[in-house]
Every structure is written in C-alpha cells, then in structure tokens.
Amino acid sequence: MNPDPDESPAEAVSRRRFLHTTALGAGAAAAGLGVASAAEPAPAAPEFRPFLTPDADFFDVSRGNPKPHTLTGEALVKARLTPESWRCEITADPFVERPHTKVAATLETPLTLDGGNALDLPALRELGQKHEVHFLKAMQCLNIDTPLGQGLWTGVPLREVLGLCGKMSNVRRVYYRGFHNDNPNQIFQSSVSYTQCFETAPGDLPVFLAYRLNGGPLSLERGGPVRMIVPWSHGYKSIKWLRQIFVTNDPRNNDTYAEGNNDPDSFLKTAAYVDKSLEGRKFPAGQAVHLTGQVIGGLSGVARVEFWVRRVEGEPPPLADDAPELLGAPWQPCELEEQPDWQTMLPDGVDPRRVLAFDSRRGVPLAWPPRYGMCSYFATVKDLKPGRYEARARSVDLNGYAQPEPRPLQKNGKNAIQVRRFEVVG
Ligand SMILES: Nc1nc2c(c(=O)[nH]1)N[C@H]1C(S)=C(S)[C@@H](COP(=O)(O)O)O[C@H]1N2
Ligand SMILES: [Mo]
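Basis of the calculations
Residues take numbers from 1 onward in each chain, read along the sequence in its written order. To label them, take the chains in the order written and letter them from A, then take the ligands in the order written and number them from 1. Local features in this predicted model are restricted to residues whose pLDDT is 70 or higher, and side-chain atom pairs enter the listing and the counts only when it is 80 or higher, whereas totals over whole chains, interfaces and linings include all residues. In computing side-chain properties, one takes all heavy atoms of the structure into account and sets aside hydrogens as well as water. Helix and strand assignments follow DSSP, with helices taken as H or I runs no shorter than four residues and strands as E runs no shorter than two, numbered in order from the N terminus. Using C-alpha atoms as the atom set, the radius of gyration is obtained and then compared with a globule rule of 2.2 Å times the number of residues to the power 0.38. Per-residue accessibility, obtained with a 1.4 Å probe over protein chains only, is compared with the maximum for each type, and a residue is labelled buried under 20%, exposed over 50%, and partly exposed between these values. The contact definition used throughout considers only heavy atoms, calling two residues in contact when any of these lie within 4.5 Å. Values of accessible area rely on a 1.4 Å probe in the Shrake-Rupley scheme; residue burial ignores everything except the protein chains shown. The charge count includes Lys and Arg as positive and Asp and Glu as negative, but it does not include His or the ends of the chains. The atoms used to mark charge sites are NZ of Lys, CZ of Arg, CG of Asp and CD of Glu. Site definitions follow a grid-based scheme: protein atoms alone, a 1 Å grid, a 1.4 Å probe that fits but cannot get out for cavities, and for pockets an open set with protein on both sides within 12 Å along at least five of seven lines, plus lining residues having an atom within 4 Å of a point. Grid points are joined across faces, edges and corners, and a volume is the space filled by probe spheres set on the points. Just so you know the grouping, Ala, Val, Leu, Ile, Met, Phe, Trp, Tyr, Cys and Pro go in nonpolar, Asp, Glu, Lys and Arg go in charged, and all remaining residues, Gly too, go in polar. Each domain span listed reflects an automatic or database assignment of domains. Using a 1.4 Å probe, buried area is obtained as the accessible area two parts lose upon being combined, added over both of them. We count a salt bridge whenever a side-chain nitrogen from Lys or Arg sits within 4 Å of a carboxyl oxygen from Asp or Glu. Two N or O atoms form a polar contact when they lie within 3.5 Å of each other; inside protein one atom must be a possible hydrogen donor and the other a possible acceptor, and for residues adjacent in sequence the pair counts only when both atoms belong to side chains. Classification of ring pairs rests on two measures: the distance between centres of Phe, Tyr or Trp rings, Trp counted by its six-membered ring, which must be within 6.5 Å, and the angle between planes, read as stacked under 30 degrees, edge-to-face over 60 and tilted in between. Think of the arc as the fan of directions from the helix axis to the C-beta atoms. We define proximity as follows: a residue is near a molecule or strand when any one of its heavy atoms falls within 4 Å of that partner. Each molecule is assigned to a cavity or pocket provided more than half of its atoms lie within 2 Å of the corresponding grid points.

Asker: How would you explain the overall build of the chain if you had to name every residue and give the values?
Answerer: When its secondary structure is counted, the chain shows seven helices and 23 strands. Expected size for 426 residues packed as a compact globule is a radius of gyration near 22 Å; at 23 Å, the chain falls within 12% of this value. For the chain, the residues scored as buried account for 55% of the 426 residues in total. In the chain, 75% of the contacts between residues at least 6 apart in sequence involve partners at least 24 apart. On the chain, roughly 18600 Å² of surface is accessible, and the fraction owed to carbon and sulfur atoms is 52%. Here the chain carries 48 positive and 50 negative side-chain charges, and the mean point of each set is 1 Å from the other.

Take a look at the structure:
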C-alpha cells in the first residue's frame, strides 16, 4: 500500500497487523498474510474485524523525518509531545492581502508560550468536565483504498477551546498545525471555516480536540497527547500532535492536502472495502465461501452493500468502474454485521446515549453503520464449482447511487470497486 504519487514522498504508510485476531484465531491470521497455498477448510462463520480498532492497530499515515512519534526522551519533551510538556498556542494570523483580505483577524487573549498561557492538558481536560464529546469515527485516508481503523474519540469542541481567547474579530477560517520538526517543508496543516468551527446543526458533529481514544489516552503514534478530529472528513483534516491553532481572515483553504491536487473539502465516502484476506485463498469445493469487508457510512449514508462473484478463465483484464459487465452484473445483497451491545462495546464510563450521532434516549447509532463510522458486512457464497473466481462488493447510498458514483474523480476519496481473487479446488 503505497501513498498516492501526488502526496509528498515523505508521507509513508506503515502497515500494522492487517487482519485482527478474530474468534477463529490463528487460521484466519495466517490467511490474512495471503500465504495459504493448499486448500484449507473454509471457516464455519464469517470473520469480522473488531468493531473498535485498538490504538496500536490503526494503519499509520504520518509525514516527517524523523516521524514525530519516533521521538523519545528530551527530544519528545522539546517537541512538547509528552502529557506534561504539551502546549498548544492559539494566535491571530496577521495576514492581509488585497482585495480579498483588507483587515487582519484579532483575538482578545491569544494563548502563547511567551505569554506563559499556552493551552496545556490540564486546562483542556478541565474544559472537558463541561463540554466533553465522544464520537465513533472511521479514520480513512483520502488517498488510500482501505480504512485505517475505527475508534471512539473523546475530546473538547474547538469552539469551546477558542472561547478561552475572548472576543475575536474578522475571523473567516481556523488554521491548525501539528508538530513538524524544524524543516518547514514538513509542516502538516489543515483548516475549517469559521462556520464549521462555531456552528453545528442539531444532531450534527463539531470539530474537536481529542485526548482519548477507545477510553485510553491517545497514544503518541495516533497523534497524542492531543489531535484534532474533524468527524466528517478524511484523515488529512485530523491533524496529529496538534501544537498551533490560528484564526485568520484569509478565506482560502490552506490544507497540506490541497497542495496534492486533492479536494480539501471532501467528506468521507460511502463505500464498501473488501477484506484483502480473501486474495489468493483456496477453498475446497462444497464448502461455503465467506466474503467479508467493511462499509463506511459516508456523507450520503448506506442503503445496502452488494456483492458479485464471477468465475474467470486465464488472466482477465481489470474491469473499469463503468464497464458494462460490472454495471450489468447480477449484484446480490450482503448482510451487515449486527450492532454490538453498546453498553459493553463502548469504553467504561461512556454512556451510549451521550455519544454524538447516537439516539439520546435509546443509546444506539442513528444510522447503521454509524454516520462517518463503519461496520463489517458479509455474504456467504455456496456451491461454487472448482475454478478461479473474482469477488467484488459495492455500496449503494441513500440517494440510490452505487459505488463509486456519483463523483467523477478519485481525488476526493478513494472508493473504486475492489476485486479479490480466490480459487475453489476439486
Ligand atoms: N501532524 C500530522 N497529522 C496528520 C498526518 C501527518 O502526517 N502529520 N497525516 C494525516 C493523514 S494524511 C491521515 S490519513 C491521518 C492518518 O491517521 P492515523 O495515522 O492515526 O491512522 O492522519 C493525518 N494527520
Ligand atoms: Mo491521508
């Protein structure tokens, strides 16, 4: 899984354990590595990934040389990335540029290192006493075709944090950056509009500064001590190792990802991703084959997931997303994983009725999969004759569009239809 060529070469993706431990254990783990060569008994039931991805099992997408999360000792303290040393400065950008920006943004009380009042972790947690939010979010890179993981993120809305700075004027965007070593080329930054920061429709989702993941402190690798979480967006807006926020009157989006020809206002895509563990497997004829994967509930929601398995001879050329065979294929419905028992699934002390995008009386998500979250899906295929097969899956959204429609390009989130090949042997 290489980063997109449009991204900085400094950005690298490291693969953590790919298939997580499942109820069926070691056999599945071996298959996940794609090393199975002889036919193996098919598992009796489909195997799902854990609903919450342990912090250390997320795929990591980080720039930097060295990467911030490899720092240790004094260097880590100097970077202000230990819980004790963490400080975040909040200032006003002096930027003006005619004709669009005639006056600069101002803040009544900037929070600065020099002023001795930069935001620290105790102050953030204290704000959390009153304003803490929890949100279940799938982390997904705009340029990578596999979800990175899903977590319950806990923190404080950005608007409450900015409230510490008193009156502000001429603010049209909020820019923010993570720790980036001394080389300015390594700056990783993102932004939200003033409205996205300060106003949230009832039941909608605020941008927040997260300090917990799955009930534990946010690890250094996941961007701790404090990371921005933009619930509706791909990973590039959820800046890790947050250290600098500045309000600006520059109306333009300055995201690092905008420089890479990406849509810097993308929303998470509704899309089904097929588990790689199927690739290269051999199943004995007569046994059911389970097709599994994860479906993200993006901006347009999930109506259903469908699959298509076809027998192939030789080396068929890849099918484009708009290939007539693919559009006219006999797609069949998949089933979605059942909702877990939320009381036991969520970390101790997190009341499901208080999780954003959950029903505040019943304590269950308002949609399944949860909005901007994901769940597993599966299909069980029986009676396949010996031969080689291709398996595909696609989501259909609540507007009736089948993946990857309706948008014309992949630079606002990879959601091409995936294919995995397997064999049934006699
Ligand atoms: N400071 C900083 N934040 C960052 C990045 C980075 O390189 N530096 N990468 C971003 C990108 S492109 C993605 S997809 C997500 C990945 O999050 P993860 O490593 O926790 O899975 O982090 C985002 N936040
Ligand atoms: Mo990304």
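Asker: So what's going on with empty space enclosed by the protein? Which residues, and what values?
Answerer: All chains considered together, the criterion is met by five cavities of 30 Å³ or more. Here the largest cavity defines a volume of roughly 330 Å³. Together, 26 residues line the largest cavity, and Val61, Ser62, Phe188, Ser238 and Lys240 are the ones closest to its centre. Here the residues of the lining of the largest cavity sort into 13 nonpolar, eight polar and five charged.

Asker: Mind laying out the domain arrangement of the chain, listing which residues take part and the relevant values?
Answerer: Domain parsing of the chain yields domain 1 (9-42 + 269-425) and domain 2 (55-260). Of note, the centres of domain 1 and domain 2, computed from C-alpha atoms alone, are 31 Å apart. Tallying the contact residues gives 35 residues for domain 1 and 39 residues for domain 2. Contact between domain 1 and domain 2 buries roughly 3200 Å² in total, counting both sides, with carbon and sulfur atoms accounting for 58%. At the surface where domain 1 touches domain 2, the tally comes to one salt bridge. The partner of Asp204 in a salt bridge is Arg371, and the shortest N-O contact between them spans 3.4 Å. Joining domain 1 to domain 2, the criterion identifies 11 residue pairs in polar contact (both at pLDDT 80 or more). When contributions to the side of domain 1 that touches domain 2 are tallied by element, the ones reaching two or more residues are strand S1 (12-14) and strand S17 (289-296). The dominant element in the side of domain 1 that touches domain 2, judged by the number of residues it contributes, is S1, at three residues.

Asker: Tell me about the packing of aromatic side chains, and name the residues and values.
Answerer: Counted by the stated rule, this structure contains 13 aromatic pairs. A ring pair is formed by Tyr194 and Phe198, whose centres lie 4.7 Å apart and whose planes are at 35°; its orientation type is tilted. With Tyr194 and Phe198 both in helix H5 (residues 194-198) and four residues apart, this pair spans about one turn of that helix. For Phe198, a relative accessible area of 23% gives the class partly exposed. Ring plane angle 15° and centroid distance 5.6 Å describe the contact between Tyr389 and Phe422, whose orientation is recorded as stacked.

Asker: Break down helix H3 (residues 121-131) for me, citing the residues and quoting the values.
Answerer: Listed as buried for H3 are Leu121, Leu124, Leu127 and Gly128. Here the buried residues of H3 occupy an arc of 120° about the axis, which is enough to place them on one side. Turned more than 90 degrees away from the buried face of H3, the exposed residues are Pro122, Glu126, Gln129 and Lys130. Packed against the buried residues of H3 are strand S5 (119-120), strand S7 (149-157), helix H4 (158-162) and strand S11 (208-213). Where H3 starts, the residue carrying a side-chain oxygen 3.0 Å from the main-chain nitrogen of Ala123 turns out to be Asp120.

Asker: How would you explain the site of ligand 1 if you had to name every residue and give the values?
Answerer: Lining the immediate surroundings of ligand 1 are 20 residues, of which Phe59, Arg63, Arg222, Arg227 and Lys240 lie closest. Between ligand 1 and the protein, one listed contact pairs an oxygen atom with a side-chain N or O atom of Arg222 at 2.7 Å. Ser238 has a polar backbone atom sitting 3.1 Å from a nitrogen atom of ligand 1. With respect to the pocket detection grid, ligand 1 is positioned in the largest cavity. Top contributing element to the shell around ligand 1 by residue count: strand S2 (residues 60-62), with three residues. Grouping the constituent residues of the shell around ligand 1 by class yields 10 nonpolar, four polar and six charged.

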